[in-house]
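Observations on chain architecture
Listed below, chain by chain, are the residues.
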Amino acid sequence: MSCSLSSPASALAAPRLARLRAACADAGVNAFLVHDTSNVAWLTAFDGVFDDEAAHALLVTSCDAVLHTDSRYAEAARAAAAREGAVAVDDSRSTHAAFAEATLRGDGDPSGEGTARYGSLGIEDSIALVEYRRLEAAFAGDGVRCELRETSGFVRRLRAVKEPSEIARLRAAQAVTDAAFAHIVGFMRPGLTEREVQIELEDFMRRHGAEGLAFPSIVAAGANAASPHAVPGDAKLEAGQCVVLDFGARAHGYCSDMTRTVFLGAPSDRMRAAYEAVRAANERAEALLRPGITGKEAHELAEAVLAEHGFGGAMGHSLGHGVGIDIHEEPNLSPRNDEPLAVGNVVTVEPGVYLPGEFGMRLEDFGVVVEGGFEVFTRSPHDMVVL
């Protein structure tokens with residue numbers, strides 16, 4: 001595989017590939033085989049090509065990048081590649097492992113005799129075991145001798161700092177989500193089931209600009225909301241309950257994520273106190289976020305605020321997570337994350353209080369770390385919503 005691509009460099013793919021090559025050079029990796037579809041989508045900057053099927057691999061060397069796919073995607077991939085100019089497309093009918101071995105053998109030995117040693121090939125630790133076994137077998141013969149170098153989060157760490165074009169897509173996804181919330185509070189009423197509210201919420205997003213959902217929406221009423229990832233069912237909304245709505249649209253390939261808690265009638269004193277605690281934790285954590293603050297510091301502040309309000313130990317989960325092409329990305333606002341935040345990190349802030357057998361509530365925004373602090377994408381207010 002010679003350095004033969006002559007079309008103009010992409011405004012998006014070429015810099016991303018350059019960042020991967022620099023990371024490979026720092027790690028002593030000669031080439032990298034990317035299997036994770038979200039990583040492939042980010043590196044190629046192809047729009048309208050990939051779906052949920054893991055049918056692709058991207059081989060990146062010091063000078064070339066080749067997407068190995070199949071006939072179902074080849075035409076769309078080649079059209080996107082012509083626009084981008086930084087990635088070639090190969091739809092040969094072979095396994096990804098055989099494609100990688102044949103390509104590297106040609107790169108390492110221009111004579112075609114297949115005796116050169118390429119060095120090390122970076123692979124993701126998220127690949128299926130069967131793919132790893134195929135790679136082992138492909139490089140076990142007398143052809144190219146490659147050390148398979150396992151990596152963890154290699155490309156995901158590059159994706160953690162969002163570019164302006166990605167920020168614009170994230171904002172667009174959140175605009176759909178905010179509109180959906182305004183709609184659903186006018187739709188909700190006692191007697192509807194959680195599932196009926198979920199269907200209406202998701203249908204609205206799809207009909208108003210979402211190409212899909214960021215994740216299956218959560219609608220949890222009453223005691224069900226004490227489970228942070230409750231699955232909507234046949235439970236009916238009742239007066240006196242609070243209802244957790246956690247949902248997000250996918251637009252232009254990027255996700256949004258927000259949670260609001262809605263009250264069906266005047267809340268009890270205990271519910272009101274819990275909501276005040278959650279709101280204070282959210283707003284104080286968002287005020288803290290800026291470059292240099294760690295995920296651990298943000299999480300611990302939120303926990304401390306909840307404790308100040310009498311709800312210590314009632315959250316249970318981490319304060320937030322990264323959002324982008326995937327709904328869960330790096331970095332995390334977690335007690336286990338000592339890494340400082342950087343400009344361009346996009347994260348959620350979602351403190352919650354969960355009281356088994358009683359109720360649960362959560363208040364979630366997401367936004368981007370900027371030089372002066374934290375810029376929130378979510379436009380829905382924090383004021384208590386009482387229906």
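Bear in mind that the values here come from a model prediction, so they are computed numbers and not experimental data. (Residues numbered from 1 in each chain as written. Predicted model: local features only at pLDDT ≥ 70, side-chain atom pairs only at ≥ 80, totals over all residues. Heavy atoms only, no water.)

Core analysis: the biggest nonpolar cluster contains 42 residues, and Phe46 and Leu58 have the highest contact counts within it. Top contributing element to this core by residue count: helix H1 (residues 13–27), with five residues. Phe46 has contacts with Ala41, Leu67, Ala77, Ala80, Ala81, Glu84 and Val87, leaving out every residue within four places of it along the chain. Within the second largest apolar cluster, 33 residues are counted, among which are Ala277, Val305, Ala314 and Leu319. (Core = buried A, V, L, I, M, F, W, Y, C linked by side-chain atoms within 4.5 Å. Buried < 20%, exposed > 50% of the residue type's maximum accessible area, 1.4 Å probe, protein only. Helix = DSSP H or I, 4+ residues; strand = E, 2+ residues; numbered from the N terminus. Contact = heavy atoms within 4.5 Å.)

Time to look at the confidence of the model for the chain. Taken as a whole, the chain shows an average pLDDT of 92; of its residues, 93% reach a score of 70 or greater. Note on residues 1–9: pLDDT is under 50 here. Beyond four places in sequence and across chains, it has 21 contacts. With pLDDT under 50 throughout, residues 108–116 is counted as low confidence; its partners more than four residues away or in other chains account for twelve contacts. (pLDDT = per-residue confidence, 0-100.)

Let's shift gears to unusual backbone geometry. Following Glu330, the chain continues into Pro331 via a peptide bond in cis, with omega recorded as 0°. Structurally, Pro331 is set in strand E14 (residues 329–333). Here Ala45, not a glycine, exhibits a phi torsion of approximately 60°, which is positive. The residue Ala45 is located in the loop between helix H2 (37–44) and strand E2 (57–60) in this model. Its relative accessible area of 10% is what places Ala45 among the buried residues. The residue His252 is not glycine, and still its phi comes out positive at about 55°. You can see His252 is positioned in the loop between strand E10 (249–251) and strand E11 (254–255).

Turning next to the sheet that holds E11. Pairing within the open sheet is antiparallel, and its three strands lie in the order E7-E10-E11. Pairing within the sheet leaves two strands with one partner each, and these edge strands are strand E7 (212–213) and E11. The sheet contact formed by E7 and E10 spans two bridges and is antiparallel. Each bridged residue has a counterpart across the sheet, and for Gly212 the counterpart in E10 is Arg250. (Pairing = 2+ DSSP bridges.)

To continue, consider helix H7 (residues 164–187). Under the 1.5 Å per step criterion, the end-to-end length of H7 is 35 Å for 24 residues, consistent within 8% with the ideal 34 Å. What H7 keeps buried is the set Glu166, Ile167, Leu170, Ala173, Gln174, Val176, Thr177, Asp178, Ala180, Phe181 and Ile184. (Expected span 1.5 Å × (residues − 1).)

This brings us to the side chain of Thr151. Note on placement: Thr151 falls in strand E6 (residues 145–151). Among the residues examined, Thr151 registers a relative accessible area of 10% and is labelled buried. Apart from residues lying up to four places away in sequence, Thr151 is in contact with Phe32, Ile123, Glu124 and Asp125.

Attention now goes to a negative patch on the surface. On the surface, Glu297, Glu300, Asp338 and Glu339 cluster together to form a negatively charged patch. Counting through the fold element by element, Glu339 comes out in the loop between E14 and strand E15 (346–349). (Patch = residues over 30% accessible without salt bridge, like charges linked within 9 Å, V, L, I, M, F, W, Y side chains within 5 Å. Areas by Shrake-Rupley, 256 points an atom, 1.4 Å probe, with all protein chains shown as cover. Salt bridge = Lys/Arg side-chain N within 4 Å of Asp/Glu carboxyl O. Lys, Arg positive; Asp, Glu negative; His and termini not counted. Charge placed at Lys NZ, Arg CZ, Asp CG, Glu CD.)

Let us now look at the state of the cysteines. Under the counting rule described, the total for this entry stands at zero disulfides. Cysteine Cys24 remains unbridged, with the sulfur of Cys146 as its closest cysteine sulfur at 12 Å. Overall, Cys24 belongs to the buried group, its relative accessible area being 5%. (Disulfide = S-S within 2.5 Å.)

Attention shifts here to the sheet that holds strand E9 (residues 242–247). One open sheet accounts for four strands, arranged E8-E9-E12-E20; its pairing is mixed. Edge positions in the sheet fall to strand E8 (218–221) and strand E20 (385–386), since each of these pairs with one other strand and no more. Two strands pair when backbone bridges link them, and E9 and strand E12 (residues 258–263) are joined in this way by six bridges, in the antiparallel orientation. Within E12, the position partnered with Asp246 by the bridge is Thr259.

For Thr193, the position within the fold is in the loop between H7 and helix H8 (194–207). Residue classification places Thr193 among the buried residues on the basis of a relative accessible area of 11%. Excluding residues that lie within four positions of it along the chain, Thr193 makes contacts with Gly233, Asp234, Ala235, Lys236 and Leu237.

Turning our eyes to something else, we now look at the environment of Pro356. You can see Pro356 is positioned in the loop between strand E16 (352–355) and strand E17 (359–362). Residue classification places Pro356 among the exposed positions, given a relative accessible area of 70%. On a C-alpha basis, the gap between Pro356 and Thr95 in space is 49 Å, while along the polypeptide they are 261 residues apart.

A separate point is the packing of helix H9 (residues 269–288) against helix H10 (residues 295–308). At a minimum axis separation of 9 Å, H9 and H10 run at an interaxial angle of 150°. On the basis of their axis angle, the class for H9 and H10 is roughly antiparallel. Relative to H10, the crossing made by H9 is right-handed. Each of Ala277, Val278, Ala280, Ala281, Arg284, Ala285 and Leu288 in H9 lies in contact with H10, whose residues at this interface are Glu297, Ala298, Leu301, Ala302, Val305, Leu306 and Glu308. Of the residues belonging to the contact of H9 with H10, the class tally is eleven nonpolar, no polar and three charged. (Axes fitted to C-alpha atoms, helices over the stretch in contact; angles between N-to-C directions. Parallel < 35°, antiparallel > 145°, perpendicular 65-115°, else oblique. Left-handed = near helix turned anticlockwise from the far one by under 90°. Nonpolar A, V, L, I, M, F, W, Y, C, P; charged D, E, K, R; others polar.)

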